[in-house]
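Structural description and commentary
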Amino acid sequence: MHETNKKVITVGVTGASGAVLAQKMLAMLDADSRVERIHLVITETGHRLLAEELQMTGVAIGQMAQRITGHHSTKIEILPNKDVGASIASGSYAVDAMAVIPCSVGTLAKIAAGTCDDLVARAADVMLKESRKLVLCIRDTPFSRIHLENMLRAKQAGAVIMPAIPAFYHRPETIDDLVTQYVCRVLAQMDLPQSAMFRWTGSAAAKEAKA
Ligand SMILES: Cc1cc2nc3c(=O)[nH]c(=O)nc-3n(C[C@H](O)[C@H](O)[C@H](O)COP(=O)(O)O)c2cc1C
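As a starting point, this report considers the structure included with it. (Residues numbered from 1 in each chain as written. Predicted model: local features only at pLDDT ≥ 70, side-chain atom pairs only at ≥ 80, totals over all residues. Heavy atoms only, no water.)

Time to look at the overall build of the protein. Helix and strand counts for the protein come out as 8 helices and 6 strands. Element order for the protein, N to C, with α for helix and β for strand: β-α-β-α-α-β-β-α-α-β-α-β-α-α. By the compact-globule yardstick of 17 Å for 211 residues, the protein fits well, its C-alpha radius of gyration being 17 Å. Overall size of the protein, expressed as C-alpha extent along the three principal axes, is 50 × 45 × 40 Å. Pairs at least 24 residues apart make up 74% of the contacts formed inside the protein by residues separated by at least 6 positions. As displayed, the protein offers around 10,300 Å² of accessible surface, 52% of which is attributable to carbon and sulfur atoms. Separation between the mean location of the 23 positive side-chain charges and that of the 21 negative ones in the protein comes to 4 Å. (Helix = DSSP H or I, 4+ residues; strand = E, 2+ residues; numbered from the N terminus. Rg over C-alpha atoms; globule rule 2.2 N^0.38 Å. Contact = heavy atoms within 4.5 Å. Areas by Shrake-Rupley, 256 points an atom, 1.4 Å probe, with all protein chains shown as cover. Lys, Arg positive; Asp, Glu negative; His and termini not counted. Charge placed at Lys NZ, Arg CZ, Asp CG, Glu CD.)

Listed below in structure tokens is the structure:
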């Protein structure tokens, strides 16, 4: 979609558990030569989760991308969640795909209702109205009827519902193995398949044969 054929991606980070998923996704996008721009929006509670789970306490917004990816990133642009007039709030700005990772059930409710009162919700709403790829990595458990109905509503509007549920068929040995496989599946949905993704071919023995 973008003029250079390289992708522009939006990543929303909300206040659900799983900050490590956002960290992994941003690192993989940053390292991906097919991606030229990453717009990152973190909700207020998203910042709290980054602090709680990744000890990113008191990190200035300007340093956030560096702390997340481990180096100075020229691709990541952090946009304030209050700025509903940012580029990604308009359908005329070309974004190829957006993930909300992790996605709280609160932000899911906003997206399902079309409530555009912050930039994460507005950018997601734009993706749906423009028929672009939106992946919602919802994290909570158990789900209430309200959560399930909101997921159905978002799905029917065009979103991909991808709860943060890890797979075990690739025989993970570390948390990073679990996180990487999940994030690879999300990136595949965003048309960014990764070589690190384990692909089931009928038996996990295929992985052993490869190693
Ligand atoms: C430590 C912590 C963990 C949380 N975990 C979750 C969670 O896993 N899923 C969820 O939907 N909400 C979770 N919440 C609650 C949300 O952060 C809260 O509903 C918030 O209003 C969501 O706002 P946001 O979507 O704008 O980030 C958590 C809150 C805290 C402080």
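With that settled, consider the site of the ligand. The ligand sits among 13 residues. The nearest are Gly 15, Thr 43, Ser 104, Thr 107 and Arg 139. Between Ser 104 and the ligand, the recorded distance is 2.5 Å, taken from a side-chain N or O atom to an oxygen atom. Relative to its unbound accessible surface of 630 Å², the ligand loses 67% to contact with the protein. The set of elements that each furnish at least two residues to the shell around the ligand consists of α2 (44–54) and α4 (105–113). For the shell around the ligand, the leading source of residues is α2, giving 3 residues. (Near = heavy atom within 4 Å. Polar contact = N/O pair within 3.5 Å; in protein donor to acceptor, adjacent residues only side chain to side chain.)

Right, let's talk about the packing of aromatic side chains for a bit. Each aromatic ring pair is summarised here by two numbers: the centre-to-centre distance and the angle between the ring planes. Tallied over the entire structure, the rule returns 2 aromatic pairs. Plain terms: the ring middles of Tyr 169 and Phe 198 are 6.0 Å apart, the flat faces sit at 45 degrees to each other, and that makes the pair tilted. With Tyr 169 in the loop between β6 (160–161) and α7 (175–189) and Phe 198 in the loop between α7 and α8 (205–210), the pair connects residues that are 29 residues apart, well separated along the chain. A relative accessible area of 33% places Tyr 169 in the partly exposed class. Its relative accessible area of 12% is what places Phe 198 among the buried residues. Among the aromatic residues, those joined into a cluster by ring pairs are Tyr 169, Phe 198 and Trp 200. (Phe/Tyr/Trp six-rings, centres within 6.5 Å; stacked < 30°, edge-to-face > 60°. Buried < 20%, exposed > 50% of the residue type's maximum accessible area, 1.4 Å probe, protein only.)

A word on helix α5 (residues 119–129). Across the 11 residues that make up α5, a large majority, 9, are buried. Looking at α5, one finds that the buried residues are Leu 119, Val 120, Ala 121, Ala 123, Ala 124, Asp 125, Val 126, Met 127 and Leu 128. Where α5 starts, the residue carrying a side-chain oxygen 3.4 Å from the main-chain nitrogen of Val 120 turns out to be Asp 118. Positive phi appears at Ser 131, one or two residues downstream of α5, with a value of about 55 degrees.

Moving on: the sheet that holds strand β5 (residues 133–138). Strand order in the open sheet formed by 6 strands is β3-β2-β1-β4-β5-β6, and the pairing between neighbours is parallel. Single-partner strands in this sheet number two, and they are β3 (76–79) and β6. Where strand β2 (residues 35–42) meets β3, 4 bridges bridge the pair, whose relative direction is parallel. Bridge pairing links Ile 38 to Ile 76 in β3. Contacting β1 (7–13), β2, β3 and β4 (97–103), helix α1 (residues 19–31) crosses the sheet at an angle of about 150 degrees to β4. The sheet contacts of α7 involve β4, β5 and β6, and relative to β5 the element is tilted by about 155 degrees. (Pairing = 2+ DSSP bridges. Axes fitted to C-alpha atoms, helices over the stretch in contact; angles between N-to-C directions.)

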